[in-house]
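Chain and residue survey
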Amino acid sequence: MTAADTLTTTPLGGPSLPQERRLVTSIPGPRSQQLLERKAAAVAAGVGHTAPIEAVAAGGGVVVDADGNSLIDLGSGIAVTSVGNAHPKVVEAVQAQVAQFTHTCFMVSPYESYVAVAEALNRITPGDHAKKSALFNSGAEAVENAIKIARKFTKKPAVVAFDHGYHGRTNLTMALTAKAMPYKSGFGPFASEIYRAPLSYPYRDGLSGADAAAKAISIIEKQVGADNLAAVIIEPIQGEGGFIVPADGFLPAIVDWCRANDVVFIADEIQTGFARTGAMFASEIFGIVPDLITTAKGIAGGLPLAAVTGRAEIMDASHAGGLGGTYGGNPVACAAALASIEAFETEGLIERAREIGAILTERLTQIQAGDPRVGDVRGHGAMIAAEFVTADGSPDAALTAAVAKACIAEGVIVLTCGTYGNVIRFLPPLAITDDLLHEGIDVVAAALAAS
Ligand SMILES: *Cc1c(COP(=O)(O)O)cnc(C)c1O
């Protein structure tokens, strides 16, 4: 069967694709190879790719390539297609909106769907205080705006981010991001007044949450000073940095310190948000209520949308015209977000994320029991990672890269991450079936055994 046959039998793309791993050529096949040659000639070298394929359809838990291969998707396009790729409700909402109007610019002629997305975010984000939202195009843009809003509210300049943090690739967000290669190297100078504090990383620092927080707070007080500090920004579970889950008590202690010192606490939930971790937002797992929360990735079933949501008095500190952008809250993206949020709330996806997490954790822990190179298995819900180490516990980036490459060659898309490049992260669409998930893990186990 060719990809064209697959497409004609599945006009909606998406979930009606056969949910199977199917290899009919080696990866990349000839048609994918042709596209990669055109890519190399036409697209800037700095824009890399993980799987050497030409994607032509995706849905449920699979991505189909131009050669007719069907790959198991354990990455969701980096935690984006949580509701599943081309979810029918998203497709329907987008088709209806795109035929109605594609753009007016919300700052020129407001429309209802933007307001409805803001209302939904105000309702579903942690905390029952009065909230407001503003919409943007990308995660990095949301983070930039959260910092702008916090500075305007506090009238203070400094921002603290954490070791292993990832917040984007624009100038301000590169400054907030910890890892030089590939995100920052050669792209400076970076924005000023950004400071870095140590994170709680239980597998490597051995500290309790309280001790790790005390260490971070002491550094913040000595090197920055609360009087100068507008905001602390942190991912409740580090994404690109290695799916690092802070020890219990770490995040609440940082939040308490921020409250006591008039510092805005920003949770960057761009990767952890929208049911991914088995809660609507990961902050709930740690019992914290952020002042501001940034969201993107899973928000709109694959369409570009991002948001800052938070305490009304903080969000309202900016003068009219100070926030916004030409495309921010585009009506097609808003329609997709409303359909996605409805899916999160009515299709049992939070529960499904927990089930996926239980399967991943059980299987990976079993693999770890028989293979000391799996140093740590961690995460929450459908955001689980395995950290690979050498015999002396050092990060093993070479093994990690070899396993990921072998998985893709066998038709399973996996992503790596981690400051040391030694983590494989599992972020399957919540629409994946148990069978596909197990088969994907089987392939990872075989690749590890053979590496
Ligand atoms: C992906 C990500 C971003 C950046 O989002 P973009 O849409 O790529 O700009 C910021 N923060 C976190 C935690 C992310 O995972």
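See the structure above.
So, here's what we can say about the structure. (Residues numbered from 1 in each chain as written. Predicted model: local features only at pLDDT ≥ 70, side-chain atom pairs only at ≥ 80, totals over all residues. Heavy atoms only, no water.)

All right, on to the environment of Gln223 then. One can find Gln223 in helix α9 (residues 209-223). A sequence separation of 27 residues divides Gln223 from Arg196, and the C-alpha atoms of the two residues are 9.5 Å apart. (Helix = DSSP H or I, 4+ residues; strand = E, 2+ residues; numbered from the N terminus.)

Moving on to the pattern of salt bridges. Applying the stated criterion across every chain yields a total of 18 salt bridges. Where Glu410 meets Arg21, a salt bridge forms, and the shortest distance between an N and an O atom there is 3.9 Å. Of this pair, Glu410 sits in the loop between α14 (397-409) and β13 (412-413) while Arg21 sits in the loop between α1 (3-9) and α2 (30-42), and the two are 389 residues apart along the sequence. Relative accessible area serves as the criterion here: at 43%, Glu410 is assigned to the partly exposed category. Judged by its relative accessible area of 27%, Arg21 falls in the partly exposed class. Its salt-bridge partner being Arg425, residue Glu240 comes within 2.8 Å of it at the nearest N-O pair. With Glu240 in the loop between β7 (229-234) and α10 (250-260) and Arg425 in strand β15 (residues 423-426), this residue pair connects regions lying 185 residues apart in the sequence. (Salt bridge = Lys/Arg side-chain N within 4 Å of Asp/Glu carboxyl O. Buried < 20%, exposed > 50% of the residue type's maximum accessible area, 1.4 Å probe, protein only.)

With that out of the way, let us pick up the side chain of Asp73. When you line up the elements, Asp73 lands in strand β3 (residues 70-73). Although Asp73 lies buried, it forms no salt bridge, and the closest oppositely charged side chain, Arg276, sits 8.1 Å away as judged by the N-O distance. At 2.9 Å, the side chain of Asp73 forms a polar contact with the backbone nitrogen of Gly75. Among the polar contacts listed, one links the side chain of Asp73 to the backbone nitrogen of Ser76, at a separation of 2.9 Å. (Lys, Arg positive; Asp, Glu negative; His and termini not counted. Polar contact = N/O pair within 3.5 Å; in protein donor to acceptor, adjacent residues only side chain to side chain.)

Attention shifts here to the environment of Asp205. Among the structural elements, Asp205 can be located in helix α8 (residues 202-205). Apart from residues lying up to four places away in sequence, Asp205 is in contact with Leu199, Ser200 and Ala212. Within the local environment of Asp205, its side chain forms a polar contact with the backbone nitrogen of Leu207, the two atoms lying 2.8 Å apart. (Contact = heavy atoms within 4.5 Å.)

To continue, consider the packing of aromatic side chains. Per the counting criterion, the structure on display carries seven aromatic pairs. A centroid spacing of 5.8 Å and a plane angle of 25 degrees characterise the contact between Phe274 and Phe344, whose relative ring orientation is stacked. Residue Phe274 is found in the loop between β8 (264-268) and β9 (292-295), and its partner Phe344 is found in helix α12 (residues 331-346); the two are separated by 70 residues along the sequence. Through pairs of rings, three or more aromatic residues link up here, namely Phe101, Phe106, Tyr111 and Tyr114. Across the ring face of Phe190, the terminal group of Lys184 is positioned such that the distance to the ring centre comes to 5.2 Å. (Phe/Tyr/Trp six-rings, centres within 6.5 Å; stacked < 30°, edge-to-face > 60°. Lys NZ or Arg CZ within 6 Å of the ring centre and 35° of its normal.)

Attention shifts here to the site of the ligand. Every residue close to the ligand is listed here: Ser138, Gly139, Ala140, Tyr166, His167, Gly168, Glu235, Asp268, Ile270, Gln271 and Lys297. Between an oxygen atom of the ligand and a side-chain N or O atom of Gln271, the distance comes to 2.9 Å. The contact in question runs from an oxygen atom of the ligand to an N or O atom on the side chain of Lys297, over 2.6 Å. Coverage of the ligand by the protein chains reaches 82% of its 390 Å² of free accessible surface. Taken together, the residues of the shell around the ligand sort by class into three nonpolar, five polar and three charged. (Near = heavy atom within 4 Å. Areas by Shrake-Rupley, 256 points an atom, 1.4 Å probe, with all protein chains shown as cover. Nonpolar A, V, L, I, M, F, W, Y, C, P; charged D, E, K, R; others polar.)

Within a sheet, adjacent strands bond to each other through the backbone by hydrogen bonds, running parallel or antiparallel. Ordered by their spatial adjacency, seven strands build an open sheet running β4-β10-β9-β8-β7-β5-β6, and the pairing between neighbours is mixed. Every interior strand has two partners, whereas the edge strands, β4 (131-136) and β6 (194-197), have only one. If you compare each strand with its neighbour and ignore which way they point, the axes differ by 20 degrees on average. Here strand β5 (residues 158-162) pairs with β7 via three bridges, running parallel. Its bridge partner lying in β7, Val159 is registered against Ala231. Sheet contacts for α9: β5, β6 and β7; angle to β6, the most-contacted strand, approximately 150 degrees. (Pairing = 2+ DSSP bridges. Axes fitted to C-alpha atoms, helices over the stretch in contact; angles between N-to-C directions.)

Judged by nonpolar contacts, the single largest core of 91 residues is most densely connected at Ile266, Leu292, Leu305 and Val414. Of all the elements, α12 adds the most residues to this core, at nine residues. Per-domain counts for this core show at least three residues from each of domain 1 (3-83 + 348-450) and domain 2 (90-346). In this view, Ile266 contacts Ala146, Ile147, Ala150, Ala231, Val232, Ile233, Ile234, Leu292 and Thr294; residues no more than four positions away in its chain are not counted. Membership of the second largest hydrophobic core comes to 38 residues, among which are Ala216, Ile244, Trp257 and Val423. (Core = buried A, V, L, I, M, F, W, Y, C linked by side-chain atoms within 4.5 Å. Domains from an automatic or database assignment.)

In the segment running from Ile27 into Pro28, the intervening peptide bond is cis, with an omega of 0 degrees. Structurally, Pro28 can be placed in the loop between α1 and α2. That bond from Gly188 to Pro189 is cis: its omega, 5 degrees, falls within 30 degrees of zero. Within the fold, Pro189 resides in the loop between α7 (171-176) and β6. One non-glycine residue with positive phi stands out, namely Ile78, at about 65 degrees. Mapping Ile78 onto the fold places it in helix α3 (residues 76-79). On the accessibility criterion, Ile78 (34% relative accessible area) is partly exposed. Phi is positive for Glu193, close to 65 degrees, though the residue is something other than glycine.

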